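One-letter residues, chain by chain:
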Amino acid sequence: MSGDSDCTRTSPSAGSPSDSELLPDRPKYVCTLSPDLVTKAREELQEKPEWRLRDVQALRDMVCKDYPSLGTCLDDAFLLRFLRARKFDYDRALQLLVNYHTCRRTWPEVFSNLKPSAIKPVLESGFVTVLPHRDPQGRHVVCIRPDRWTPSNYPITENIRAIYLTLEKLIQSEETQVNGIVILADYKGVSLSKASHFGPFVAKKVIGILQDGFPIRIKAVNIINEPRIFKGIFAIIKPFLKEKIANRFFLHGCDLNSLHQNIPPVILPEEYGGTAGKLDISAWNELLLASEDDFLHDLSELVLQCDSSPHDLLVSGDADEKQCDDSLRGMKPQLYYCY
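Residues numbered from 1 in each chain as written. Predicted model: local features only at pLDDT ≥ 70, side-chain atom pairs only at ≥ 80, totals over all residues. Heavy atoms only, no water.

Engineer: How should I be thinking about the pairing of strand S3 (residues 181-186) in this particular structure?
Structural biologist: Put simply, side chains in a regular strand alternate between the two faces of the sheet. When you tally the buried positions in S3, you get six out of six residues, the bulk of the element. Neither face of S3 is exposed, since Ile181, Ile183 and Ala185 on one face and Val182, Leu184 and Asp186 on the opposite face are all buried. By the bridge criterion, five bridges tie strand S2 (residues 140-144) to S3 in an arrangement that is parallel. Within S3, the residue paired with Val141 across the bridge is Val182. With six bridges connecting them, S3 and strand S4 (residues 218-224) associate as parallel partners. Across the sheet, the residue bridging to Leu184 is Asn222, located in S4. (Buried < 20%, exposed > 50% of the residue type's maximum accessible area, 1.4 Å probe, protein only. Helix = DSSP H or I, 4+ residues; strand = E, 2+ residues; numbered from the N terminus. Pairing = 2+ DSSP bridges.)

Given below as structure tokens:
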């Protein structure tokens, strides 16, 4: 995608065609949705094909007027992600776009040098992958397995980086923009020592990104094999969840039949009582690593303009680290009790 911003451009004067020649043409948007998905987008997202480009231009104009130094990509396809994620509500889509950049600029441990090759150890561990088949609603299933993480090898932020890049890759698909995704989290073997790395500060950051800082629709979060310690983990997470998202959490324990009510066995690997063969992480890893050049191009262009600072873009709702540390101290007794 092109990251060039049009916010400071002016129309070239007569007799100076060289000015316009220096400005690359924005890629022309071509819809890749099937007729069924066009209908679904109209019914669920208020997306009207005949007004689509008008809506994109309206969001582009708002960015240029209200956040001229945001330094964001203004391509049709890129902005369309944010409109779809907020059902074509201009104001909410703009806020989501600003949050998207704010998250990137205020958490350098996650977003610096963010590219697939940088998180290769996480991918090879199998911590996060995407199942090869979509569910009956056309949604990809993102599989997260915390037991594959060894804290002594790398910090928890590396796992977050891997999840973020996975979502970035998935959201490139218009089908995913409309259908959303499903998360399957296997908490088998998660110990107190691992849970302690996921304190309120990290929890708030991650939840903030997933709820308000990334243009993706999370339709369900299925938790499987959760130990007693998960009660403590969820106690940390829940205060930061909106009611709509909290209602999309399903705790299945060791009951595979319960899981199969949400995700059909035909797309699940054998490890989860499915019929789709052994869980194979290699295909997704190869796909993501092969996208290295795309990420280098895309992410390098999402830069902050020199006349702005991250604080200029902050949105309401951010708690300071001291408050989160105090919350963590209050949560530790719960973690030990549940364990």
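Engineer: Explain helix H8 (residues 156-170) to me, please; I cannot follow it from the model alone.
Structural biologist: Helical periodicity: at 3.6 residues per turn, an α-helix aligns residues three or four positions apart in one direction. In this model, H8 (15 residues) spans 22 Å end to end at C-alpha, consistent with the 21 Å of a helix rising 1.5 Å per residue. Burial runs high along H8: 14 of the 15 residues are buried. (Expected span 1.5 Å × (residues − 1).)

Engineer: Is there a simple way to think about the sheet that holds S2 in this case?
Structural biologist: Hydrogen bonds between backbone groups are what pair the strands of a sheet, and the pairing can be parallel or antiparallel. Pairing is mixed in the open sheet, where five strands are placed in the order S1-S2-S3-S4-S5. Each edge of the sheet is formed by a strand with only one pairing partner; in this case those strands are strand S1 (128-130) and strand S5 (249-251). Taken pair by pair, the neighbouring strands of this sheet meet at an average axis angle of 20 degrees, ignoring direction. Judged from the three bridges that link them, S1 and S2 form a sheet pairing that is antiparallel. Bridged to Val128 within S2 is Ile144. Where H8 meets the sheet, its contacts fall on S1, S2 and S3, and the angle it forms with S1 comes to roughly 15 degrees. (Axes fitted to C-alpha atoms, helices over the stretch in contact; angles between N-to-C directions. Contact = heavy atoms within 4.5 Å.)

Engineer: Could you clarify how one ought to interpret the environment of Gly138 in this entry?
Structural biologist: Tracing the chain through its elements places Gly138 in the loop between S1 and S2. In this structure the C-alpha to C-alpha distance between Gly138 and Ile181, which are 43 residues apart in sequence, comes to 8.5 Å. Not counting residues within four places of it along the chain, the set of residues in contact with Gly138 comprises Glu175 and Asn179.

Engineer: Explain the environment of Gly253 here, please?
Structural biologist: Locating Gly253 in the fold gives a position in the loop between S5 and helix H14 (256-262). Each residue touching Gly253, except ones within four places of it in the same chain, is listed here: Ile223, Ile224, Asn225 and Glu226.

Engineer: I'm lost on the side chain of Arg145 in this one. Help?
Structural biologist: Locating Arg145 in the fold gives a position in the loop between S2 and H8. Buried and without a salt bridge, Arg145 has Asp147 as its closest oppositely charged side chain, separated by 5.4 Å. With sequence-adjacent residues up to four places away left out, Arg145 is seen in contact with Gly126, Phe127, Asp186, Tyr272, Leu279 and Ile281. (Lys, Arg positive; Asp, Glu negative; His and termini not counted. Salt bridge = Lys/Arg side-chain N within 4 Å of Asp/Glu carboxyl O.)

Engineer: How do you make sense of unusual backbone geometry when you look at a structure like this?
Structural biologist: The phi torsion of most residues other than glycine is negative, and most of the peptide bonds are trans. Of note in the backbone geometry, Lys87 takes a positive phi value of approximately 50 degrees without being a glycine. Among the secondary structure elements, Lys87 is positioned in the loop between helix H4 (76-85) and helix H5 (90-106). In the Ramachandran plot, Phe88 falls in the positive-phi region, its phi being about 60 degrees despite a non-glycine side chain. Its place among the elements puts Phe88 in the loop between H4 and H5. Given the relative accessible area of 9%, Phe88 is considered buried.

Engineer: Which parts of the structure should I look at to understand empty space enclosed by the protein?
Structural biologist: Rolled over the atoms, a probe with the dimensions of a water molecule shows which regions are left empty. Per the stated rule, a full pass over the model turns up two cavities of 30 Å³ or more. In this structure, the largest cavity spans a volume of roughly 700 Å³. Forming the walls of the largest cavity are 32 residues, and the residues nearest its centre are Ile144, Ile163, Tyr187, Phe198 and Val206. At the level of elements, S2, H8, S3, helix H10 (192-195), helix H11 (200-212), S4 and helix H12 (229-237) are the ones that each hand at least two residues to the lining of the largest cavity. Along the lines of polarity and charge, the residues of the lining of the largest cavity split into 29 nonpolar, two polar and one charged. (1 Å grid on protein atoms, 1.4 Å probe; cavity = no way out; pocket = protein on both sides within 12 Å on 5 of 7 lines; lining within 4 Å. Points joined across faces, edges and corners; volume = space filled by probe spheres on them. Nonpolar A, V, L, I, M, F, W, Y, C, P; charged D, E, K, R; others polar.)

Engineer: Help me understand the confidence of the model for the protein chain, please; the structure alone is not making it clear to me.
Structural biologist: In low-pLDDT regions, the fine details of the predicted coordinates are not to be read closely. Here the protein chain averages 84 in pLDDT, and 80% of its residues register 70 or above. Contacts for the low-pLDDT stretch residues 8-23, under 50 throughout, to residues beyond four places or in other chains number five contacts. (pLDDT = per-residue confidence, 0-100.)

Engineer: Explain the packing of aromatic side chains here, please?
Structural biologist: Each aromatic ring pair is described using two quantities: the centre-to-centre distance and the angle formed by the ring planes. Tallied over the full model, the rule gives seven aromatic pairs. Seen from their ring centres, Phe78 and Tyr100 are 6.1 Å apart, and the 70 degrees between their planes marks the pair as edge-to-face. One end of the pair, Phe78, is in helix H4; the other, Tyr100, is in helix H5, with 22 residues separating them in the sequence. On the accessibility criterion, Tyr100 (2% relative accessible area) is buried. Here Phe234 and Phe249 contribute two aromatic rings whose centre-to-centre distance is 5.4 Å and whose plane-to-plane angle is 55 degrees, an arrangement assigned as tilted. Highlighted residues: Phe234 in helix H12 and Phe249 in strand S5, separated in sequence by 15 residues. Comparing Phe234 with Phe249, the two get one shared label, buried. An aromatic cluster is present here, built from Phe78, Phe82, Tyr100, Phe111, Tyr164 and Phe214 joined pairwise through their rings. Here the basic side chain of Arg54 rests over the ring of Trp51, its NZ or CZ set 4.5 Å away from the ring centre. (Phe/Tyr/Trp six-rings, centres within 6.5 Å; stacked < 30°, edge-to-face > 60°. Lys NZ or Arg CZ within 6 Å of the ring centre and 35° of its normal.)

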